[in-house]
Amino acid sequence: MWFAVMLPLSAFAAPYAAMVMDARSGKVLHAQNADTRLHPASLTKMMTLYIAFEAVQNGELSMDTYVTISKNAAAEPPSKLGLKQGQKIQLRYLVRAAAIKSANDAATAIGEAIEGSEAAFARRMNRTAKAMGMTRTTFRNAHGLTEEGHLSTARDMSILGRHVIYDYPMYYNLFARQTADAGVRTVSHTNRRLLQDYRGADGIKTGYTSAAGFNLTASAERGSQRVIATVFGGRSTATRNAKVAELLDLGFREAPSRVALRAPGKPPYLGRGAGAGGIAVANNSDPAPGTRAKSVRVASAAVTRSLRPKQRPGTGAADVAPLVAEVRDDIDMVLKEVTMTAAVVAKEASAPTPAAVAAPMGVVKPVRRPETVVAAAAPPPRDTPTPARAAEVVTRVSTSGGRHWGINLGRYPSRYHAEKVLLKTALAETATLDGSLRKVVHSNRGFDANFMGLTRETAELACRRLQARQVTCFMIGPS
């Protein structure tokens with residue numbers, strides 16, 4: 001006589017695969033079945049979120065864009081946020097729900113908001129994966145639920161995780177949050193146990209389906225070391241976490257304590273509006289809330305043509321003179337532009353101030369900053385001399401008001417180009433950027449143009465105003 005025996009789901013072990021990588025160099029430290037094509041489950045959402053970050057940086061939409069939930073997105077099975085058809089919700093909440101709760105309805109809504117349909121978004125996922133060197137991955141959806149042909153490998157997911165860390169570091173902290181406000185409710189991280197228990201763990205993404213087993217791509221940083229470990233086919237959350245912790249330990253043992261950072265080359269922009277060579281075409285029209293941008297303006301497109309900074313001119317007088325003349329011309333040109341658009345800017349400003357109006361032609365008058373007129377809490381006695389430099393530092397500290405945020409205006413092939421953009425933006429947007437610090441950050445991928453020393457509210461306002469004028473902008477959180 002035959003008896004049917006009900007076994008727990010974990011008894012049907014999915015195929016196992018693993019990869020350990022030194023994130024700084026991309027060197028493989030351990031591999032087992034790393035190139036076997038398996039079901040990635042919700043590790044898929046790393047690509048969905050990567051493209052969301054890319055779309056925001058390239059102006060297709062912003063984190064404040066309202067997304068209308070489709071019937072298709074609302075019908076996705078759990079894990080889900082519980083979105084309803086026709087509901088409108090900001091992209092930032094969908095991103096949090098997909099990253100932290102691994103919500104399938106949120107992931108589908110992100111894909112549809114960016115590309116119009118999940119099928120079109122899957123094609124973009126595949127284009128981006130190919131550009132990253134993920135040679136054995138095929139995406140069919142934005143969430144990772146089991147679908148024929150939706151397959152990846154431990155190696156490819158480790159490559160993707162490395163790109164998430166280094167291509168969009170300003171968003172990476174999202175994956176370490178144990179809870180987050182997702183608009184309709186607060187959500188908890190699907191892998192908070194590993195984040196709590198493993199020293200240095202700060203992400204990245206879990207995944208589970210019956211076909212895939214318990215998957216995880218995790219990263220941890222200790223001192224100057226950063227290691228990525230990926231596991232496919234875990235039998236349970238507990239055994240998967242234990243295996244990942246073991247692999248991370250192996251990585252920290254095998255990885256050298258010091259190694260030169262060789263960040264992965266950022267793939268070319270392949271989104272909507274991209275023309276030949278992956279360069280986006282500028283457009284001055286704003287998308288309506290909840291709709292996709294019809295085309296894109298990319299301030300940092302030059303990086304896709306040359307990742308190396310151009311050689312700067314010599315320091316001789318003959319070389320410096322043309323550069324000084326060009327900067328003077330740029331300032332005159334910017335002043336003309338600001339003068340013509342001052343009225344428009346004043347209307348857009350939520351709290352317009354006289355600082356938003358440009359100085360007369362040919363004259364750049366410095367704007368007095370609030371920090372220089374606010375007295376310290378306890379001024380020194382009159383007979384106590386205080387050096388001017390020390391007084392300025394103390395005043396800034398005492399009036400910082402949480403100025404630990406910044407905004408990024410893109411990456412450029414030379415310091416000159418980045419400084420030129422910062423100058424033009426500072427003159428055109430004095431209402432929100434007054435008091436901020438212009439900073440050019442040099443990396444092996446180019447020169448980032450940043451404004452630092454802002455409050456979160458000011459950074460958000462500045463980005464909204466700049467994006468309204470089709471200027472690429474995204475926020476930089478406290479380090």
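Before reading further, recall that the structure is shown in the block above.
Cut-off values and rules
Residues numbered from 1 in each chain as written. Predicted model: local features only at pLDDT ≥ 70, side-chain atom pairs only at ≥ 80, totals over all residues. Heavy atoms only, no water. Helix = DSSP H or I, 4+ residues; strand = E, 2+ residues; numbered from the N terminus. Buried < 20%, exposed > 50% of the residue type's maximum accessible area, 1.4 Å probe, protein only. Contact = heavy atoms within 4.5 Å. Areas by Shrake-Rupley, 256 points an atom, 1.4 Å probe, with all protein chains shown as cover. Disulfide = S-S within 2.5 Å. Salt bridge = Lys/Arg side-chain N within 4 Å of Asp/Glu carboxyl O. Pairing = 2+ DSSP bridges. Axes fitted to C-alpha atoms, helices over the stretch in contact; angles between N-to-C directions. Phe/Tyr/Trp six-rings, centres within 6.5 Å; stacked < 30°, edge-to-face > 60°. Parallel < 35°, antiparallel > 145°, perpendicular 65-115°, else oblique. Left-handed = near helix turned anticlockwise from the far one by under 90°. Nonpolar A, V, L, I, M, F, W, Y, C, P; charged D, E, K, R; others polar.

Caption draft 1: View of the overall build of the protein. Scanning the protein from terminus to terminus reveals 14 helices and 13 strands. In the protein, buried positions account for 47% of the 479 residues. Considering only contacts within the protein whose residues lie at least 6 apart along the sequence, 69% involve residues at least 24 apart. Total accessible area on the protein is roughly 23300 Å²; 56% of this is exposed by carbon and sulfur atoms.

Caption draft 2: Examining the state of the cysteines more closely. For the structure shown, the criterion picks out one disulfide. In this model C463 forms its disulfide with C473; the gap between the sulfur atoms is 2.0 Å. Around the S-S axis, the bridge from C463 to C473 shows a dihedral of about -75° and counts as left-handed. Here the residue C463 occupies a position in helix 14 (residues 456–468), and C473 occupies one in the loop between helix 14 and strand 13 (474–476), the gap between them amounting to ten residues.

Caption draft 3: Just the side chain of D156, in detail. Tracing the sequence through the fold places D156 in helix 6 (residues 154–167). For D156, the contacting residues outside a window of four places in its chain are G133, M134, T135, R136 and T137.

Caption draft 4: Representation of the pattern of salt bridges in the model. Throughout the structure, instances matching the rule amount to 13 salt bridges. Of the charged contacts in the structure, one is a salt bridge between D202 and R226, with a shortest N-O distance of 2.7 Å. Pair noted here: D202 is in strand 7 (residues 201–209) and R226 is in strand 9 (residues 225–234), with a separation of 24 residues, a long-range link. Each member of the pair D202 and R226 is classed as buried. For E221, the salt bridge is made with R226, and the minimal N-O distance between the two is 3.2 Å. What makes E221 partly exposed here is its relative accessible area of 41%. Residues participating in the shared-partner salt-bridge network are E54, E60, E115 and R124.

Caption draft 5: Quick look at the sheet that holds strand 9. Across the sheet, five strands lie side by side as 2-1-9-8-7; this open sheet has antiparallel pairing. The strands lining the two open edges of the sheet, one partner per strand, are strand 2 (28–32) and strand 7. With strand direction ignored, the average angle separating the axes of adjacent strands in the sheet is 5°. Where strand 7 and strand 8 (residues 213–222) come together, eight bridges link them in antiparallel fashion.

Caption draft 6: Quick look at the sheet that holds strand 10 (residues 405–412). Pairing in this open sheet of four strands is antiparallel, and the strands run 11-12-10-13 from one edge to the other. This sheet does not close on itself; its edge strands, each paired only once, are strand 11 (437–443) and strand 13. In this sheet, adjacent strand axes meet at a mean angle of 35° when their direction is disregarded. Alignment of strand 11 against strand 12 (residues 446–454), held across seven bridges, turns out to be antiparallel. Paired with S443 across the two strands is G446, which belongs to strand 12. Each of strand 10, strand 11 and strand 12 touches helix 12 (residues 415–428); the most contacted strand, strand 11, lies at about 160° to it. In the packing of helix 14 onto the sheet, contacts are made with strand 10, strand 12 and strand 13, and the angle to strand 10 comes to roughly 40°.

Caption draft 7: The packing of aromatic side chains, seen in detail. By the definition in use, this model includes five aromatic pairs. For the pair Y50 and Y168, a centre-to-centre distance of 5.1 Å together with 80° between the ring planes defines the contact as edge-to-face. In this pair, Y50 is assigned in helix 1 (residues 45–57) and Y168 in the loop between helix 6 and helix 7 (169–172), connecting sequence segments 118 residues apart. The exposure classification of Y50 matches that of Y168, with both residues buried. On the numbers, 5.9 Å between centres and 35° between planes, the contact of Y172 with F175 is tilted. We note that Y172, like F175, is buried. Site record: aromatic cluster; members linked through ring pairs are Y50, F53, Y168 and Y171.

Caption draft 8: How the structure looks around the pairing of strand 10. Buried residues dominate strand 10, accounting for eight of its eight residues. Pairing between strand 10 and strand 12: six bridges, direction antiparallel. In the strand pairing of strand 12, N408 is matched with N450.

Caption draft 9: Structural context of the environment of V95. Its location among the elements puts V95 in helix 3 (residues 91–101). Separated by twelve residues in the primary sequence, V95 and A107 place their C-alpha atoms 7.6 Å from one another. Here V95 is in contact with L49, A52, F53, M63, I110 and L174, once residues within four sequence places are set aside.

Caption draft 10: Local environment of the packing of helix 1 against helix 6. Viewed as axis vectors pointing N to C, helix 1 and helix 6 meet at an angle of 30°, and their least axial separation amounts to 10 Å. Here helix 1 is positioned roughly parallel relative to helix 6, judged by the angle of their axes. Between helix 1 and helix 6 the crossing geometry is left-handed. Residues M46, M47 and Y50 of helix 1 form the contact with helix 6, whose participating residues are M157, L160, G161, H163, V164 and D167. Among the residues making up the contact of helix 1 with helix 6, the classes are represented as six nonpolar, two polar and one charged.

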